[in-house]
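Residue-level structural notes
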Amino acid sequence: MVERELAGLVGRENVTSDAAVLKEYSQDNSFAPAHTPSCVVRPANTEEVQAIVKWANEKGVPLIAVSSGPPHFRGDTVPQGEGAVIVDLRRMDRIIRINAANRVALIEPGVTFGQLQEALAREGLSAYLPLAPRSSKSVLTSYLEREPITMPGVHFDSTDPMLCTEIVFGTGDRMRTGEAAGPDPLEKQWEIGKAQISPFGPTQMDPQRLVSGAQGTIGIVSWISLKCRFLSVLAKAFLIPSDRLEPLIELSYKLTRIRFTGSIFILNNLNLAALLRQSSQEIDALRTQLPPWVLFVSCEGYGPLPEEKVEYLEADLKELAAAQGLQPEIRIGEVQASEMASLLVRPSSEPYWKQRYRGGVAELFFLTTQGRTPDFTRLLEEVVRREGGTTEGIGVYIQPVVQGTSCHCEFDFYYDPSGGEARDKTRRIVQAAASEMEASGAFFSRPYGEWSGIAYRQSQDTAGMQQKVKAIFDPNSILNPGKLCFGLE
């Protein structure tokens, strides 16, 4: 019955209940319990998304929107119960428009970073990328979920580089946000020079913030416009090694304070090796040659005087580094900074870099200030020891965001997923660490899975407010029920 009714909305060939396909959507690489959906539907446009949402309201059927291909790692697209319908948006894969003059692109959910980068390069542009996203990652989902980009100096707001959006709320109502707000269609707006740049409005509200980081619980986004940057015609990259994290943090503060425009982030030796090598043996061999911590900085040159720009950025970097007793290097052992830089303008090669070391990974990330990150790394060591584990298999990634005013602090727990004991132990350690981190001031702005209970335990007023918003925009609770603070009825 469900399949037949959905087939009437999108075509029979775009609905499936094949057991193998359903199994793929019933679980992921997180610790979320598996639940099999009833079917998968693949809409081709916003009108079909609206029709599916209105149908779900009439029938009381949960909908789980998915834009990225596998593998998934955070449990946000795994149904919380049986009978849900997966709305796979990957058929909607058009790059609708690239406006080179204003450095803006408008894309649908199924567009991946590889697809977008290829199209932008033809216009002399580049997207702002997170750190080596997987090849199947949806650009729209990455920006919607506020995954950090590697260039904090041009990151002005938590929702950057996302600009305008088109949203189908849980009611089935459709809204365009920011400069894209109606009544004119996009084509008419383009004729009068609008480029869907400003994300603010309509009126005094910014509705795109309702869906940002909401894990598909408030609305389904059918397209976004996004900021792009000029493609660098000249770049020079540096690796800055240190036995201690603190001097690198101080240097990172100095760089972000002056709005240094290149990539800036810190990795421990395990995550750096995992990015650069393919097998666990190669990763182990390389990490032993690397210092405990490395700050990566790139000097990007574009515009009328790219050589001069790279020259003064390099001079600033070396002067600031020397003040902290640090030395920028273009090479550390067999690792070249240019090799690392080449990874930042494209998706990860296969296998995805976080699966190379042991096959499985459990992420733990939150927002904090850069100065607190050494405390959190020490706290993690204490928790892991107490739980009977070792930090030998834990990668660290510290990414300044919003011009360095805060940072994304991430711990990657690598484990062998084929062994139940290793999986259970990793889950226990991650959960204990998340609880300890939150109690010490970590802010879980993207609380996936079991983190929700931790994130909201001291924020009942926030949970109450979000539940009121949910009741307005998804009154029948059909969109990804059970996620965040929206418990199942």
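As a starting point, this report considers the structure included with it. This one's a predicted model, so the numbers in the text were calculated from it and none came from an experiment.

Concerning empty space enclosed by the protein
- The full count for this structure, using the stated rule, is four cavities of 30 Å³ or more.
- Here the largest cavity defines a volume of roughly 600 Å³.
- Taken together, 36 residues line the largest cavity, and the ones lying closest to its centre are R74, K137, T141, E145 and E147.
- For the lining of the largest cavity, the secondary-structure elements that each account for two or more residues are β3 (63–66), α5 (139–144), β10 (219–230) and β18 (406–415).
- Per-class residue counts for the lining of the largest cavity are 16 nonpolar, ten polar and ten charged.
- Here the second largest cavity is characterised by a volume of approximately 70 Å³.
- In this structure, the second largest cavity is lined by E24, Y25, Q27, D28, V66, P70, H72, T77 and V78.
- Residues that form the lining of the second largest cavity fall into these classes: four nonpolar, three polar and two charged.

Thoughts on the pairing of strand β17 (residues 394–401)
- Counted residue by residue, β17 has eight buried out of eight residues, so it is predominantly covered.
- Burial along β17 is two-sided: the residues I394, V396, I398 and P400 and G395, Y397, Q399 and V401 are all buried.
- Sheet topology note: the strand β12 (residues 264–268)/β17 ladder contains two bridges and is antiparallel. Its bridge partner being in β17, I266 is matched across the sheet by I398.
- Judged from the eight bridges that link them, β17 and β18 form a sheet pairing that is antiparallel. Within the sheet, the bridge partner assigned to G395 lies in β18 and is D412.
- Here β17 folds back onto β18, and the loop between the two strands holds four residues, one of which, V402, carries a positive phi near 45 degrees.

Conventions adopted
Residues numbered from 1 in each chain as written. Predicted model: local features only at pLDDT ≥ 70, side-chain atom pairs only at ≥ 80, totals over all residues. Heavy atoms only, no water. 1 Å grid on protein atoms, 1.4 Å probe; cavity = no way out; pocket = protein on both sides within 12 Å on 5 of 7 lines; lining within 4 Å. Points joined across faces, edges and corners; volume = space filled by probe spheres on them. Helix = DSSP H or I, 4+ residues; strand = E, 2+ residues; numbered from the N terminus. Nonpolar A, V, L, I, M, F, W, Y, C, P; charged D, E, K, R; others polar. Buried < 20%, exposed > 50% of the residue type's maximum accessible area, 1.4 Å probe, protein only. Pairing = 2+ DSSP bridges.

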